[in-house]
Amino acid sequence: MDWILILISGKVKKHVMRGKYSFGGGRSYRVGLPPLLILPSWRVQKVQCFGNWSRNDSKVIGDNRGSMVVKAASEGGAISLPKHWPLSKDPEEKLQDPVPRMKGSSRFFTVGLVASWYSSNIGVLLLNKYLLSNYGFKYPIFLTMCHMTACSLFSYVAIAWMKVVPLQTIRSRVQFFKISALSLIFCVSVVFGNVSLRYLPVSFNQAIGATTPFFTAVFAYLMTFKREAWLTYLTLVPVVTGVIIASGGEPSFHLFGFIICVAATAARALKSVLQGILLSSEGEKLNSMNLLLYMAPMAVVFLLPATLIMEENVVGITLALARDDSKIIWYLLFNSALAYFVNLTNFLVTKHTSALTLQVLGNAKGAVAVVVSILIFRNPVSVTGMMGYTLTVFGVILYSDAKKRTK
């Protein structure tokens, strides 16, 4: 018998590709899907199954590998399982994959993604520092607007033309205003982060940025009254203590840069908490790529008047710089493109790695950025500062582990 699958929407629990599915009458079936036909970018889906039983039976099949079965159908469309895909009434019967898994190529693909993620993240951070501090381009708002313009254009191309992810539309005016609020906070966090790079070395900037979990926990408590386990809060002590130690031992400490960087970190945490609150309903949830598609143009609208008012004649100055040194145009174009690829690779790495792997990679990324920046910019560092940063990262790891255990 062929099964008819109707695509609904939503996420599916992982690791259930070979699970048993009980339908009407208490009968159990198991489904095996050919991995060779499965693209890693496809997301698991929920499907409704129609057979000889009740039409109200709704079951979940597939995992990150098996999701292609329903993704191949358009929304509301239908496909059927070919006969060579095994259906077994015996729950103990061992199913063999119709095609051998390509573990080697999948691992190579993941390593390439992680390398791209690291390169784009560290590259845009170092190039921002170079432009705003070393090169002398002292216009962080205009630089951020260039980033957001590139994100707008590339997001449209990736989603509307290349179909990297399905397009999710804004469904109401309320949702539009919610995304606008998130975009405004996003602008503040990015602009403040770029401003701080004018005054602080990348190593100290990253140490402060590592305290994001502390601000996330504070905002989550204040805005949602969500309380974590006492052990989770305890792990935030080394996070904050490490930054205090790093501040005391930072040879290039700048009070204004420090305050702005703390504000940028707090704004980043606030956006994360607000996003969970404002876009919590199923009808309003957007994946990060679609959210960027809508937030980036809104950010340009916010940043354009800000840069014209606060960074007077920035366009004329940039053109004058370009006449003297055309490299500034290439720096801005390359930097803006990198800013988009930071978001793209972050989305893809999140999709193709486990939560634990992503957590470890994220912590290591900050450390790699610190080492690379010290090697490139030769900024002075102290043993006390490095000890403080290490303590902060250690606290972040403990915090992440505590959060995982309490779930």
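Conventions we followed
- Residues numbered from 1 in each chain as written.
- Predicted model: local features only at pLDDT ≥ 70, side-chain atom pairs only at ≥ 80, totals over all residues.
- Heavy atoms only, no water.
- UniProt positions renumbered as here; feature names shortened; annotations may be inferred.
- Helix = DSSP H or I, 4+ residues; strand = E, 2+ residues; numbered from the N terminus.
- Buried < 20%, exposed > 50% of the residue type's maximum accessible area, 1.4 Å probe, protein only.
- Contact = heavy atoms within 4.5 Å.
- Areas by Shrake-Rupley, 256 points an atom, 1.4 Å probe, with all protein chains shown as cover.
- Expected span 1.5 Å × (residues − 1).
- Polar contact = N/O pair within 3.5 Å; in protein donor to acceptor, adjacent residues only side chain to side chain.
- Core = buried A, V, L, I, M, F, W, Y, C linked by side-chain atoms within 4.5 Å.
- Patch = residues over 30% accessible without salt bridge, like charges linked within 9 Å, V, L, I, M, F, W, Y side chains within 5 Å.
- Salt bridge = Lys/Arg side-chain N within 4 Å of Asp/Glu carboxyl O.
- pLDDT = per-residue confidence, 0-100.
- Lys, Arg positive; Asp, Glu negative; His and termini not counted.

Looking at an unreviewed UniProt entry, one finds the chain named Sugar phosphate transporter domain-containing protein, with Arachis hypogaea as its source organism. As recorded by UniProt, the Subcellular location (unreviewed entry) comment attached to the chain reads in full: "Membrane".

Peer 1: Teacher, can you tell me more about the overall build of the chain here?
Peer 2: Along its length, the chain carries 14 helices and seven strands. Considering the chain as a whole, with its 407 residues, one finds that 45% of them fall into the buried category. Here the contacts in the chain between residues at least 6 apart in sequence split such that 83% fall between residues at least 24 apart. With an accessible surface of roughly 21100 Å², the chain has 65% of that area assigned to carbon and sulfur atoms.

Peer 1: Would you mind going over helix 14 (residues 383-406) with me for this structure?
Peer 2: Residues separated by three or four positions in an α-helix point in the same direction, a consequence of the helix having 3.6 residues per turn. In a regular helix each residue adds 1.5 Å, so 24 residues correspond to 34 Å; helix 14 covers 35 Å between its end C-alpha atoms and thus fits that length. Looking only at helix 14, the buried set comprises Gly-385, Gly-388, Tyr-389, Thr-392, Val-393, Gly-395, Val-396, Tyr-399, Ser-400 and Ala-402.

Peer 1: When you look at the side chain of Ser-196 in this model, what are you seeing that I'm missing?
Peer 2: When you line up the elements, Ser-196 lands in helix 4 (residues 173-199). Classification of Ser-196 as buried rests on a relative accessible area of 0%. At 2.6 Å, the side chain of Ser-196 forms a polar contact with the backbone oxygen of Gly-193. Contact partners of Ser-196, with chain neighbours within four places excluded, come to Asn-205, Gly-257, Ile-260 and Cys-261.

Peer 1: Please explain the nonpolar core as it appears in this structure.
Peer 2: For soluble globular proteins, the rule of thumb is that nonpolar side chains tend to be buried together. If you look at the biggest cluster of nonpolar residues, it comprises 59 residues, and the most contacted ones within it are Phe-142 and Ile-179. Taken together, the elements giving at least two residues each to this core come down to helix 2 (103-135), helix 3 (140-161), helix 4, helix 9 (255-278), helix 10 (288-310), helix 11 (314-324), helix 12 (327-352) and helix 13 (355-377). Each residue touching Phe-142, except ones within four places of it in the same chain, is listed here: Phe-137, Thr-307, Glu-311, Val-314, Val-315, Thr-318 and Leu-332. By size, the runner-up hydrophobic cluster in this structure holds eleven residues, among which are Leu-200, Ala-207, Val-243 and Val-370.

Peer 1: Any chance you could explain unusual backbone geometry here in plain terms?
Peer 2: What you tend to see is this: most non-glycine residues have negative phi, and most peptide bonds are trans. Despite not being glycine, Lys-163 has its phi angle at roughly 55 degrees, a positive value. With respect to the secondary-structure elements, Lys-163 resides in the loop between helix 3 and helix 4. The exposed category is assigned to Lys-163, whose relative accessible area is 60%. One non-glycine residue, Arg-378, adopts positive backbone phi at about 60 degrees. Considering the arrangement of structural elements, one finds Arg-378 in the loop between helix 13 and helix 14.

Peer 1: Whenever I open this one, the environment of Asn-134 confuses me. Can you help?
Peer 2: Mapped onto the fold, Asn-134 is located in helix 2. Look at Asn-134 and you get partly exposed, because its relative accessible area is 48%. Not counting chain neighbours up to four residues away, the residues in contact with Asn-134 comprise Lys-129 and Phe-377.

Peer 1: What am I meant to see in a nonpolar patch on the surface here?
Peer 2: A surface patch of nonpolar side chains, about 480 Å² in accessible area, is lined by Val-218, Tyr-221, Leu-222, Met-223, Tyr-233 and Ile-277. Among the elements that take part in the nonpolar patch, helix 6 (residues 212-224) stands out by supplying four residues, more than any other. Residue position: Ile-277 is located in helix 9. What makes Ile-277 partly exposed here is its relative accessible area of 33%.

Peer 1: Please explain the confidence of the model for the chain as it appears in this structure.
Peer 2: Low pLDDT marks stretches whose predicted atomic positions should not be read closely. For the chain, per-residue confidence averages 78 on the pLDDT scale, and 74% of positions sit at 70 or higher. Ignoring residues within four places in sequence, the model shows residues 1-102, a span with pLDDT below 50, making 198 contacts including any to other chains.

Peer 1: How should I be thinking about the side chain of Glu-250 in this particular structure?
Peer 2: Positionally, Glu-250 belongs in the loop between helix 8 (236-248) and helix 9. For Glu-250, which is buried and forms no salt bridge, the nearest opposite charge comes from Lys-129, at a distance of 9.2 Å. For Glu-250, the contacting residues outside a window of four places in its chain are Pro-201, Phe-204, Pro-380 and Ser-382.

Peer 1: How should the pattern of salt bridges be read in this particular structure?
Peer 2: A pair can form between side chains of opposite charge whenever their charged atoms are brought close. Evaluated as defined, the whole model comprises four salt bridges. In this structure, the salt-bridge partner of Lys-178 is Glu-284, at a minimum N-O distance of 2.9 Å. Remark: Glu-284 occurs in the loop between helix 9 and helix 10 and Lys-178 occurs in helix 4; sequence separation between them is 106 residues. Shared partners join several salt bridges into a network, and the residues in it are Lys-226, Glu-228 and Lys-403.

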